[in-house]
Structures are given as C-alpha cells and as structure tokens.
Amino acid sequence: MAYDLVVRNGTVIDGSGMPRYRADVGVKDGKIAHVGRIANDGGESIDAGGHIVSPGFVDGHTHMDAQIFWDPLGSCSCYHGITSVVMGNCGFTLAPCRASEVDYVFRNLERAEDISREAMQAGIEWNWETYPEYLDVLDGLPKGINYAGYMGHSALRTYVMGERAFSEKATEDELAAMSHQVREAVRAGAIGFSTSRSPNHETSDRRPVASRAADWDELATLVRAMGAENAGILELAGEPTGARAETAGPYFNALKDLSVETGRPITFGMFSTRMKPQAWRPWFDILDQAAAEGGRLFVQVHSRALSVLLSFETATPFDKFPVWRDIRALPLEEQKAALRNPDNKAKMVAAANTPPNGPKAIGTEARPPEWDWLFYMDSVDGPNKSMAEIARERGVSPVEAMIDIALETDFKAFFRQPIANEDQDQALDMMKHPRSVVTFSDSGAHVSQIMDSSLQTHIFSHWVRQKQAFTLEEAVRLVTYDTATHWGFHDRGLIREGMAADLVVFDPDTIGARMPEVVSDLPASARRLKQTANGIAATVVNGQVLLRNNEPTGATPGRLIRGPLARQ
C-alpha cells in the first residue's frame, strides 16, 4: 500500500493503557491504515526515533466558540498536543442567536468567560440563527483541530425569551420552544446541552447570566428533551450555594436522579480548596450510586492548581484601587516611568494596603492577595517562592517587591494566584478517581487571566517525569482514550487500524509547557496569554501534519465532530 504519511521508528503508546512497543504507523485517507513494520515509502514521513507516538490529546472543556472564527490553528490547545476539543461549555454559545440580538450573547460571554467584546465584534461574521445553521457554518470554516460543541442554555434562553431571559421564569410556551430547539440541535450534531448555575458567572453589567434565571424544572425539562432523542450529554457549572453540606447533597442527588430518569450522561467540574480540602470526597461517592442505579455522572478535574496569572502587562490585584487606577490607565511605557518615581511608588504601596470597597472578584478575576498565596512565577515547573517570602528576603513590603520585580523584568514577570486545587495531593487523588476525567482547560476563555491549555503537557512534565505518580501509559490514556470515550469520539483516542489518524509525536524527557507570554493577536488587537510547549516533534490531525516542532505547516485538516444522531 502507498501511504499518505508514515510515522517511523517511534515507540507507540496506543492510548489503551497497554505497554509501549516499537512500530511504524501508516496513514491513508485520514485513517490509521497499519501499525507495525512498514517497508515501502509513504508520501510523507516523520522520523519518530527516540519519541513516543500517541493518539492526539482530547480536551473536553473549552470555550473556543468565538476563537474558531479568527484562529484556524486552534491555539493555544494545538501547541500542547490537543487534536480534538469540546466547546460551548457552561451554557455559553453563539447559537441560537439572531444577528440583530448578538448583544445578548456578548453579555453572557464577556465577563463570565473574559472574551473581548471588541474581538468578537471584529472577528465574527454572523450568518446563522439556529444551532443547526451554526454547525453548518462551523463545518465550512478552516480548522487546524477537531471541534465538537454543546448548545448553550444562556444563548437558548435569550433566543426564545429576549431580555426577560436574564430575570424571569419561562412560560410553558417558551419552555416548549426551548425543548424543540434542544432536540433540533442534538439531531443536527450538538454533542449535548450545557448550562451554568454558578454565582461566578455574571454578565458584563454584573447581572446573573441568563441560564441562572432558570429554575430546576426548566433544566430538567431540557434534559428530558435530550432523553427523548436518546442522545446528548448535559454539562453544567454548578454551585451549590449556602452551607455546602446542606445544599450539595440534594443537588448532586438531583443530578443523579435526572441522569437515571433520562439516560443522559451528566458531567461537571470539581476542584478541591485549601479551606475545605476534603469537601469533594462525599460527592464523588454519588457517582458510584448513579452507576449502580443506571445513571452516569462523571467529574472533570484539573491536573494542577487553578491559578490566575497576574502581570503588569495584563492585570494586577490593585488595578481598580485609588492611585493605581490612574497609573494603570497609562500606556505601558508611561506606567514604567511612573513606577520608578519614588513618590508614586510610595503612594501605590500605601493604596495597595488599603483595599477600597467595591464589587468582589468572581471566577478567575484578580482579587486582593494573601501574600503567602501569591507566587512569583519565575519558572513553569516551580517550585515558585511566595511574594511574602521574597519580601522578607528583600526587606520590603510584598507589594513593593511585586513592583520591583515587574520593573526588573520589563513588566514580563508573572505572579501566580491559586484559587483552587492548592493542595496537589488532593488534586492527584481526584485525578486517580475512576469516575473522573482529566480535562477542563477553559481554552478560549479567560484569555488574559489563566493559561490552562497546557494542563495535558503538565501531566507529562510534572506527574510523570517529576513526581512519577503515573506511568507514561497511564498518562497517555488519561488524555486520549479516556477523554475521547467520555465524549463519544469512538473513532479517536486509540492507535488502531481504522481509527482517525490524530497523532502526537513527543519526547517524554522534554515535553512540557514553556513560560507564557502576553500577545495582542486577537481581533481589534485585544490581548491574551499565549503558551507553547517543548518536546512535541509533530502533531497530526486527520492524517495531515498540523505542526512540526510546534511550528504550523499551513495545513487545516480539522473537522467538526457532530454528535451521534447526525452521524447516522
């Protein structure tokens, strides 16, 4: 057979968890055609000597819904071996929506997911209304990686209810209209339905996003609409609020009962916190109860601390404080000059130590620091010293040390502020739970606040190489077969003949994230954090080389992955 591509001399870790072995991988027509010894030449080859050849990594939690319109490559996910993503999480999608009502969608996305309104206005050409029409538009876009998507509750509510969606209960007719739209979306290929009930999700004018105005009966009715089609996953960002023990039990049990009733898988994210490090354990037990009763719940967990990345090029915890507010409004070069002025610096230090009254930070926004829990991120792998420790070493206050470091690094320094998963032993326990899946990068969202597109490469550099908490085979399975299977991508996540040829060729001794940087490459010159990786020799999507040594080849082989009803 004449192959389109041959990956030669590599060590295959096939995604199943089976031990590695030496083999060539031949690709034909976008599929894996042969795994073994290949003597004849292919049309193109990759020398994988000394490298691992694995399935492409799969990320089940992104917000690349807007980015896909202006970024054919799929960054920063693609730089970390990701070949397939699920977008439209937490109820935030661009469809259904009329072109005349895009402000509703922007209001839901802008603050809750830190996606620039100006970038969306400049970068998206609106030529759809319904969710099936939106999928058809996505199908025609050039794509570097593969995308699947949920229909989002907030977009659905505003499409059916207009302005009332942000504050009122749906009428019976409106609920019937929403149910119809859900069924149509799933038939057209939506991977499922997503929603948010989280107090961390607010609009740009500090109101609850539209899905938070829905009661439980509305949510259950929409999940039953998927149940009637016998297809679709429910993804939600949940609370519970109030006294956790009083609200969490009924909430997670209600999810269990809904999954049992409808037959629909339900997934949500969960983190540990240093204030209540063991609080997650009892709720994981409900996952086993659901399975025993005929339901299916699975939890999305993270491979490290969830951290806000602060810098003087993006945001600091003090940007809205007196004195800081005026200086931070200046161009960056003028800010540097102002910070070098001893009088200005003294006023800023004093202001930072006197927090003003005002709205509290939510989600991943910067918040006034506890200096023992704000770290100078001078390396990706760490350990990083806290600003409290650095301040003691320098004999200055922590905020003064922060200003000095910023000036010493020409504003390039990052300061890492963990807001969840601070205890890495807890994070590891969650990763190893049999009903969790390691994902949740939020790629495409919080683009100036967090940089978790690298959570997959972090698994290999930190948990495999440094901590030896997983074997390479176990780690590959976590980010390939496990994630692909949970989201129903049954032709991906394994190196097997007949499977889609999504492959990553990487060096296990060097794979890992590079330091992030601030770039202004979004539409309207909006800023974002960008992070690439070391140790990845090639990324192959649907049989074509997307990246060599993390440099784009110019190929756009990605596809829209439609749900099971659309594949029939």
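Residues numbered from 1 in each chain as written. Predicted model: local features only at pLDDT ≥ 70, side-chain atom pairs only at ≥ 80, totals over all residues. Heavy atoms only, no water.

Asker: Even after reading the chapter, I still don't get the side chain of Ser436, so can you show me in this structure?
Answerer: Here Ser436 shows up in strand β16 (residues 436-438). A polar side-chain atom of Ser436 sits 2.7 Å from the main-chain carbonyl oxygen of Met430. Not counting chain neighbours up to four residues away, the residues in contact with Ser436 comprise Phe284, Val299, Val301, Met430 and Met431. (Helix = DSSP H or I, 4+ residues; strand = E, 2+ residues; numbered from the N terminus. Polar contact = N/O pair within 3.5 Å; in protein donor to acceptor, adjacent residues only side chain to side chain. Contact = heavy atoms within 4.5 Å.)

Asker: Help me out: how do you make sense of the packing of helix α5 (residues 172-188) against helix α6 (residues 216-229) in this one?
Answerer: Helix-helix packing: each pair is described by the crossing angle between the helix axes and the interaxial distance. Where α5 contacts α6, the axes come no closer than 9 Å and their chain directions differ by 40°. The orientation of α5 with respect to α6, classified from their angle, is oblique. With respect to the hand of their crossing, α5 and α6 are arranged in right-handed fashion. Across the interface between the two elements, Leu175, Met178, Ser179, Val182, Arg183, Val186 and Arg187 of α5 pack against Glu218, Thr221, Leu222, Ala225, Met226, Ala228 and Glu229 of α6. Here the residues of the contact of α5 with α6 are counted per class, giving eight nonpolar, two polar and four charged. (Axes fitted to C-alpha atoms, helices over the stretch in contact; angles between N-to-C directions. Parallel < 35°, antiparallel > 145°, perpendicular 65-115°, else oblique. Left-handed = near helix turned anticlockwise from the far one by under 90°. Nonpolar A, V, L, I, M, F, W, Y, C, P; charged D, E, K, R; others polar.)

Asker: Before we go on, may I ask you to explain the pairing of strand β7 (residues 82-87) in this structure?
Answerer: The side chains of a regular strand alternate, first on one face of the sheet and then on the other. A large share of β7 lies buried, amounting to six of its six residues. By the bridge criterion, three bridges tie strand β6 (residues 57-59) to β7 in an arrangement that is parallel. Paired with Val58 across the two strands is Ser84, which belongs to β7. Across four bridges, β7 lies against strand β8 (residues 146-152) in parallel orientation. Along β8, the bridge assignment pairs Ser84 with Asn146. (Buried < 20%, exposed > 50% of the residue type's maximum accessible area, 1.4 Å probe, protein only. Pairing = 2+ DSSP bridges.)

Asker: Just checking my understanding: could you explain the pattern of salt bridges for this structure?
Answerer: A pair can form between side chains of opposite charge whenever their charged atoms are brought close. Under the definition given, this model contains 40 salt bridges. For Arg107, the salt bridge identified is with Glu163, shortest N-O distance 3.0 Å. Here the residue Arg107 occupies a position in helix α1 (residues 102-110), and Glu163 occupies one in the loop between α4 (153-161) and α5, the gap between them amounting to 56 residues. With its nearest N and O atoms 2.8 Å apart, the salt bridge here joins Arg528 to Asp521. The exposure class assigned to Asp521 is partly exposed, which follows from its relative accessible area of 41%. When salt bridges with common partners are traced through the structure, they connect Asp103, Arg107, Glu110, Arg117, Glu163 and Arg207 into a single cluster. (Salt bridge = Lys/Arg side-chain N within 4 Å of Asp/Glu carboxyl O.)

Asker: Can you walk me through the sheet that holds β16 in this structure?
Answerer: Through backbone hydrogen bonds, the strands of a sheet pair up, either in parallel or in antiparallel fashion. As summarised here, the arrangement of the eight strands in space is β6-β7-β8-β9-β10-β11-β12-β16, forming an open sheet in which the pairing is parallel. Strands at the two margins of the open sheet, each flanked by one partner only, are β6 and β16. Averaged over neighbouring strand pairs, the angle between their axes works out to 25° when direction is ignored. Of the strand pairs in this sheet, strand β12 (residues 297-301) and β16 are connected by three bridges, and their pairing is parallel. By the bridge assignment, Gln300 is partnered in β16 with Val437.

Purely geometric stuff here, so don't read any function into it on its own.
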